Amino acid sequence: MNDVNVVPHPLQIPTISPESDSSENWADWRWQQKNAFRDEVTLRAACGGWSDEVNQHIRQNLQGQKMQITPYYLQRILATKQSGDITENPLWRQVVPFWNEETLNGYDGESENWELNDEMKTPICQHKYDNRVILRMVNACNSYCQFCFEALRTLKVDSDKSNAGRSSFQQSLEYIKNTPSIEEVILSGGDPLMLTDNKLAESLAAIREIRDDLLIRIHSRALTFNPYRITDALLETLEKHRVNAFGVHVCHPLELSDEFQSAVRRIQRVVPIVFSNMPFLRGINDNEATLHQLFIELYRMGVKPYYLYHFMPFSPGSSEYKASINDAIAIMKKLKRRVSNIALPEYVLPHMKGKFTVPLFTDPDEIPQFETRGDKRYYRFTNWKNEPCEWLDN
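Here strand β8 (residues 346-351) runs beside strand β9 (residues 354-357); their pairing, made up of 4 bridges, is antiparallel. The partner of L349 across the bridge, within β9, is F356.

Here you go:
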């Protein structure tokens with residue numbers, strides 16, 4: 001793959017339409033990776049251009065971090081572009097580092113959102129919560145979210161974070177074997193589906209061999225960036241090693257293409273639970289209508305919206321993407337009363353010391369209270385119509 005700072009000749013711009021190349025090539029996930037856009041020059045030409053100011057910001061930011069956009073995802077960007085500036089497109093804004101570096105407040109390029117030293121039992125095995133561990137299988141992704149929560153692992157050029165090499169993976173297997181409290185192993189990264197089908201099968205076989213009742217979960221954004229990654233061989237692997245749950249990472253309803261839905265349906269044939277995790281991002285999905293559509297469309301596909309993550313402070317573009325917790329509460333509170341509960345995710349702050357579920361209250365009077373009157377105790381609360389209610393508790 002091209003290094004992020006290598007600028008290919010403009011004539012080498014990859015095709016961005018399945019009609020302009022053989023369908024066999026377009027639907028090959030490896031072709032998508034090989035032909036991804038990684039520099040400002042070719043991306044600007046494919047998108048029809050942008051201002052010199054944006055050009056300068058992108059080039060400056062790419063001195064320290066990666067950009068990689070598959071032809072498939074760029075096609076989605078262009079297909080959903082409204083009249084006006086492409087820099088306002090919510091898909092474009094996720095994968096292009098368009099901000100002025102002087103606006104980065106809170107991100108120093110060294111701090112970590114997720115990992116505390118005592119949690120890292122091996123270079124790739126993180127044990128934060130009692131019953132589960134995360135294995136950081138790879139540092140690469142199909143495309144790069146410029147707000148990545150694992151920026152030091154994925155976005156940083158020449159990251160010093162470990163991949164799942166043979167030694168670190170074996171160490172992790174031994175730790176899991178010797179820790180009976182572990183009930184679940186989560187494959188994450190980067191994106192674990194960047195592994196070849198054979199390598200992923202080998203890894204899953206080794207994990208499944210530890211214990212027959214061990215739960216195995218995979219998190220991936222491949223369905224958003226490169227849905228062709230869901231190959232027959234991959235499905236056979238997921239089924240053979242009895243993967244219990246598959247987490248789809250998605251941000252905006254415009255990402256829910258026919259190809260995305262087809263990939264979801266294929267996974268649903270072999271994995272019992274398919275759910276979605278979504279970051280809450282200012283300027284991309286921080287409004288009620290967008291989240292309503294996203295949650296309901298996922299529900300229609302049989303994907304459970306699971307977590308809505310508030311954006312983390314220690315990530316590139318923190319000042320661009322980070323919204324107010326109060327705004328998120330107001331939106332989620334409205335949706336709580338307008339959207340089917342099955343379609344409503346849990347709104348959480350993913351703090352480095354553990355996720356925290358945010359109560360959807362903004363007024364102290366809204367917080368449920370116990371009240372004792374005589375020898376009876378009542379639970380007082382406000383219902384979905386903002387009506388005061390009480391429940392006899394004894």
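Packing of helix α13 (residues 288-300) against helix α15 (residues 325-336) brings their axes to within 10 Å, and their N-to-C directions diverge by 50 degrees. Between α13 and α15, the interaxial angle falls into the category oblique. By crossing handedness, the relation of α13 to α15 is classed as right-handed. For the pair α13 and α15, the contacting residues are E288, L291, H292 and F295 in the first and I331, M332, K334 and L335 in the second. For the contact of α13 with α15, the per-class residue count stands at 5 nonpolar, 1 polar and 2 charged.

What follows concerns the nonpolar core. Ranked by size, the top nonpolar core spans 61 residues in total, and within it I207, L223, L238, F246 and F295 carry the most contacts. Among all residues touching L238, those that are not within four sequence positions of it are L204, I218, V243, F246, V270 and V271. Ranked by size, the runner-up nonpolar core spans 39 residues in total, among them V54, W92, W114 and Y309.

Look at the link from G189 to G190: it is a cis peptide, with omega at 15 degrees. Structurally, G190 can be placed in the loop between β3 (184-188) and α9 (197-210). Although it is not a glycine, R242 adopts a positive phi angle of roughly 55 degrees. With respect to the helices and strands, the residue R242 is situated in the loop between α11 (232-240) and β5 (245-249).

Here the structure, examined in full by the defined rule, presents 22 salt bridges. The shortest N-O distance in the salt bridge between R136 and E150 comes to 3.1 Å. Of this pair, R136 sits in strand β2 (residues 132-136) while E150 sits in the loop between β2 and α7 (151-154); the two residues are 14 residues apart in sequence, bridging distant segments of the chain. In terms of burial, R136 and E150 fall into one category: buried. Here R217 and E184 are joined by a salt bridge, their closest N and O atoms 2.9 Å apart. Taken together, the positions of R217 in strand β4 (residues 215-220) and E184 in strand β3 put the pair 33 residues apart, joining distant regions of the chain.

Cut-offs used in this document
Residues numbered from 1 in each chain as written. Predicted model: local features only at pLDDT ≥ 70, side-chain atom pairs only at ≥ 80, totals over all residues. Heavy atoms only, no water. Pairing = 2+ DSSP bridges. Helix = DSSP H or I, 4+ residues; strand = E, 2+ residues; numbered from the N terminus. Axes fitted to C-alpha atoms, helices over the stretch in contact; angles between N-to-C directions. Parallel < 35°, antiparallel > 145°, perpendicular 65-115°, else oblique. Left-handed = near helix turned anticlockwise from the far one by under 90°. Contact = heavy atoms within 4.5 Å. Nonpolar A, V, L, I, M, F, W, Y, C, P; charged D, E, K, R; others polar. Core = buried A, V, L, I, M, F, W, Y, C linked by side-chain atoms within 4.5 Å. Buried < 20%, exposed > 50% of the residue type's maximum accessible area, 1.4 Å probe, protein only. Salt bridge = Lys/Arg side-chain N within 4 Å of Asp/Glu carboxyl O.

These values are about where atoms sit, not about what they do.
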